[in-house]
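# Coordinate inspection notes
Listed below are the residues making up each chain.
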Amino acid sequence: MNAPEQLYGWWVPVKASTYAAQLDTQLDIFHWAMLLIFVLWGIYFVYCLAHYRARPGVPAVRGQLSVAKSMVPDGIILVFEMFMIFVIGLPVWAQVMETFPEEKKANVVHVIAQQFAWNFHYPGPDGEFGRRDIHLVSSGNPIGLDDSDPASKDDIVSINTMPAPLGKPTLAYLTSMDVIHGFNVPAFRTKQDVTPGMRVRIWFEPILRGKFEIACAQLCGLAHYRMLGNVEVMTQEEFDAWIQKKLADKAEL
Ligand SMILES: [Cu+2]
């Protein structure tokens, strides 16, 4: 499992999901473009200061550019920004936010956020999520799983640890029990507000094995700082073994 310094070096965190690199590319383009614009404007600014300065016998003059000519840099920036939005940005946005893996081919998890923990509800081998009822919530049953529902018999609840198989998409449905939280996995470039009363769907496909931090990205109360979890990316075999172990633990209770 990776240490924090391997995830966060001097640059952005390691790219641990399929779409991380595409999202980073946009940031890279923007930052290099901003640097270029900064340098070009700087040079032009110094040129104008020198060229139009007041000299003995010569008053300082204003540039005599026509409005049309002075709009050229703005025009170029506008075209560049339109290109970034429509050619580079929208296709990635559509892929990350609008195109979801099929449930049958994904690891489906219900994520239930609360002050101050992440609860993960897995359907178990039957692939069916058991019923949850807010009235059944207790310290021993943080998500209010209804044991009388046959579908909940093989369900698994994990707190602050979210195992996910490598090379397979994880489809997560996010809900909150109290206030707005933010499901943020920096290494995956996955970030989504978790809003009470809403059920929001997200997905990611890990490409690296290891432990990746989930940090709540919305200031959600006094202990917000310790609302930390981990996505533990493991092979499918390890994931299946984890499920079996949790089921065995459950049977012992
Ligand atoms: Cu939170």
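Residues numbered from 1 in each chain as written. Predicted model: local features only at pLDDT ≥ 70, side-chain atom pairs only at ≥ 80, totals over all residues. Heavy atoms only, no water.

### Observations concerning the packing of aromatic side chains
If you walk through the whole model with that rule in mind, you get ten aromatic pairs. An angle of 80 degrees between the planes, with centres 6.0 Å apart, marks the rings of phenylalanine 30 and phenylalanine 80 as edge-to-face. Linking phenylalanine 30 in helix H2 (residues 20-51) with phenylalanine 80 in helix H4 (residues 72-98), this pair joins segments that are 50 residues apart in sequence. Overall, phenylalanine 30 belongs to the partly exposed group, its relative accessible area being 30%. In this structure phenylalanine 80 comes out as partly exposed when scored by relative accessible area, which is 24%. Seen from their ring centres, tyrosine 44 and tyrosine 47 are 6.3 Å apart, and the 25 degrees between their planes marks the pair as stacked. Taken together, the residues tyrosine 44 and tyrosine 47, both in helix H2 and three residues apart, mark about one turn of the helix. Among the aromatic residues, ring-to-ring pairing joins Trp41, Tyr44 and Tyr47 into one connected group. Above the face of the tyrosine 173 ring, arginine 199 is positioned so that its terminal group lies 4.2 Å from the ring centre. For arginine 201, the ring lying beneath its charged end belongs to phenylalanine 100, and the centroid distance is 3.7 Å. (Phe/Tyr/Trp six-rings, centres within 6.5 Å; stacked < 30°, edge-to-face > 60°. Helix = DSSP H or I, 4+ residues; strand = E, 2+ residues; numbered from the N terminus. Buried < 20%, exposed > 50% of the residue type's maximum accessible area, 1.4 Å probe, protein only. Lys NZ or Arg CZ within 6 Å of the ring centre and 35° of its normal.)

### Examining the sheet that holds strand S9 (residues 210-216)
Across the sheet, five strands lie side by side as S4-S10-S9-S6-S7; this open sheet has mixed pairing. A strand with exactly one partner marks an edge of an open sheet, and here the two such strands are strand S4 (161-165) and strand S7 (190-194). Ignoring which end each strand starts from, the neighbouring axes of this sheet average 20 degrees apart. With respect to the sheet, helix H5 (residues 236-252) is in contact with S4 and strand S10 (228-234), its orientation differing from that of S4 by roughly 135 degrees. (Pairing = 2+ DSSP bridges. Axes fitted to C-alpha atoms, helices over the stretch in contact; angles between N-to-C directions. Contact = heavy atoms within 4.5 Å.)

### Examining the domain arrangement of the protein
Per the domain assignment, the segments of the protein are domain 1 (20-98) and domain 2 (103-252). Relative to domain 2, the C-alpha centre of domain 1 lies at a distance of 44 Å. The partner domain 2 presents five residues to the six residues of domain 1 that form the contact. For the pair domain 1 and domain 2, the summed buried area comes to about 430 Å², and 47% of that belongs to carbon and sulfur atoms. The three residues of domain 1 that bury the most area against domain 2 are Ala20, Asp24 and Val96, which together make up 57% of that side's buried surface. Along the contact surface separating domain 1 from domain 2 lie three residue pairs in polar contact (both at pLDDT 80 or more). Of all elements in the fold, only H2 and H4 reach the threshold of two or more residues within the side of domain 1 that touches domain 2. A per-class count over the side of domain 1 that touches domain 2 returns four nonpolar, one polar and one charged. (Domains from an automatic or database assignment. Buried area = accessible area lost by both parts, 1.4 Å probe. Polar contact = N/O pair within 3.5 Å; in protein donor to acceptor, adjacent residues only side chain to side chain. Nonpolar A, V, L, I, M, F, W, Y, C, P; charged D, E, K, R; others polar.)

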